[in-house]
Structure formats: structure tokens, C-alpha cells
Amino acid sequence: MRRCGFHPRFTSPQGAGLDKPDSLERLHRWDVLSLIEPESLQGTVDALVEGKPDLLILDHSMPAFQGPSLVRACFEHPDLSGIKVIILTAFHDEDIAVRMQKLGVACVLHKPILHGDLTLAVEQALAAPPKAD
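Counting restarts for each chain: residues are numbered from 1 in the order of the written sequence. Local features in this predicted model are restricted to residues of pLDDT 70 or higher, and side-chain atom pairs are both shown and tallied only at a pLDDT of 80 or more, whereas totals for entire chains, interfaces and linings draw on every residue. Side-chain figures throughout are based on the complete set of non-hydrogen atoms in the structure, without hydrogens or water.

A. Broad picture of the pattern of salt bridges. Here a salt bridge means any side-chain nitrogen of Lys or Arg lying within 4 Å of a carboxyl oxygen belonging to Asp or Glu. All chains considered together, the criterion is met by one salt bridge. As a salt-bridge pair, Lys 111 and Asp 59 come within 2.9 Å of each other at their nearest N and O atoms. Placement of the pair is Lys 111 in the loop between strand S5 (107-110) and helix H6 (115-127) and Asp 59 in strand S3 (residues 55-59), with a sequence separation of 52 residues. Relative accessibility under 20% of the residue-type maximum defines a buried residue, over 50% an exposed one, and the middle range a partly exposed one, all with a 1.4 Å probe and only protein chains included. Since its relative accessible area comes to 16%, Lys 111 is described here as buried. We classify Asp 59 as buried; its relative accessible area is 3%. Comment: elements are numbered from the N terminus, with helices defined as DSSP H or I runs of at least four residues and strands as E runs of at least two.

B. Quick look at the nonpolar core. Among the nonpolar cores identified, the biggest contains 22 residues, and Leu 56, Leu 58, Leu 70, Cys 74 and Val 85 are the most heavily contacted of them. When contributions to this core are tallied by element, the ones reaching two or more residues are helix H3 (41-51), S3, helix H4 (67-76), strand S4 (84-89) and helix H5 (94-103). Of all the elements, H4 adds the most residues to this core, at five residues. Within this scheme, the nonpolar core is defined by two criteria: the residues are buried Ala, Val, Leu, Ile, Met, Phe, Trp, Tyr or Cys, and they are joined through side-chain atoms within 4.5 Å.

C. Region of interest: the side chain of His 60. Structurally, His 60 can be placed in the loop between S3 and H4. Not counting the four nearest positions on each side in its chain, His 60 is found in contact with Gln 66, Gly 67, Pro 68, Ile 87, Leu 88, Thr 89, Phe 91 and Ile 96. Here, two residues are considered to be in contact whenever any of their heavy atoms come within 4.5 Å of each other.

D. Representation of the side chain of Asp 59 in the model. A polar side-chain atom of Asp 59 sits 3.5 Å from the main-chain amide nitrogen of Ser 61. Distance and chemistry together define a polar contact, namely a pair of N or O atoms within 3.5 Å, with one atom able to donate a hydrogen and the other to accept it when in protein, and with adjacent residues in sequence counting only for side-chain atoms on both sides. Polar contacts involving the side chain of Asp 59 include one to the side chain of Lys 111, which spans 2.9 Å.

E. Expanded view of H4. Burial within H4 is extensive, with seven of its 10 residues counted as buried. Of the positions making up H4, those classed as buried are Gly 67, Pro 68, Leu 70, Val 71, Ala 73, Cys 74 and Phe 75. Elements in contact with the buried residues of H4: H3, S3, S4 and H5.

F. Representation of the pairing of S4 within the structure. The buried fraction of S4 amounts to six of the six residues, a majority that puts the element mostly inside the structure. Residues Lys 84, Ile 86 and Leu 88 point to one face of S4 and Val 85, Ile 87 and Thr 89 to the other, with burial holding for every one of them. When the strands point away from the viewer and the connection leading from the first strand across the helix to the second strand turns clockwise, the crossover is called right-handed. Following the backbone out of S3, through H4 and into the adjacent parallel S4, one traces a crossover that is right-handed. Strand pairing is assigned whenever DSSP detects at least two bridges linking the two strands. As defined by bridge partners, S4 adjoins S5 across four bridges and the pair is classed as parallel. When the sheet's bridge partners are listed, Thr 89 is paired in S5 with His 110.

G. Just the confidence of the model for the protein chain, in detail. Values of pLDDT, the confidence the predictor places in each residue, fall between 0 and 100. Taken as a whole, the protein chain shows an average pLDDT of 76; of its residues, 71% reach a score of 70 or greater. Mean pLDDT across the secondary structure elements of the protein chain bottoms out at helix H1 (residues 13-16), with 34, and peaks at H4, with 92. Overall, residues 1-21 carries pLDDT values under 50, and its contacts beyond four positions in sequence, including any with other chains, amount to 69 contacts.

Have a look at this one:
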């Protein structure tokens, strides 16, 4: 079964523009979605190593650290280097998208994000072949 890591801030319709706020809760109940509250960069990396998700969905800006820092830490960690990442951002700056894609992020979605756009991004990320090291 595929598992996704997702920051709980996005369970509200305002957070990611989801038109069905119960969607993430249903996924969590089906045990295909793990919610991780990032308190520290290393603690989040450790939780990801333990959970071994197929996909990580996170925000560019988080309270404890910035999303790109977590992306770099994941891709540098031998147990997480193949993780697929979708990053959400309120910044409408194409330079961010280019930098994130150079890091290896599968998709950058700009808020507000429609339910269908997030669904498509998840499907495409999970269907993509594993990253070459």
C-alpha cells in the first residue's frame, strides 16, 4: 500500500483549496495518509524514515523550517533519497518552481489549489518511475 506524508495544516479547505475537506481524513482513516507535525527538521526526517512514505506533500513555508530544507535533507538521506515530493506554495514565483524541480521535486502547486489539481499531481507523482540516483 502506498503511504503519503502530509502536513496537517492542509486538512482545512483554506489550506490547500480542497473542495472536499473530509478527503484527507478519509485517507488517514484508510491508513494511506500519515500526518506529520514538523517540530524540527531532524525529527521530521526521522519520522519519514520510520514511516517510509512513497510520497511527501509539504508546504514551502512551515512554522519550524522551510520546505526546501526538508526536501534537501530527504534527498541527502540514503533511506529517503527516492521519495517523491509535491510542494505547495502561496508564492507565485516561477524561480521557486525551477529551484524545487532542480532539487528533484515532482510537482510544485501554487495556492489556491483545486482538489482535481492536487489529485492529478499525486497520481502523476506516484506513477512516475523511481528517481535515478
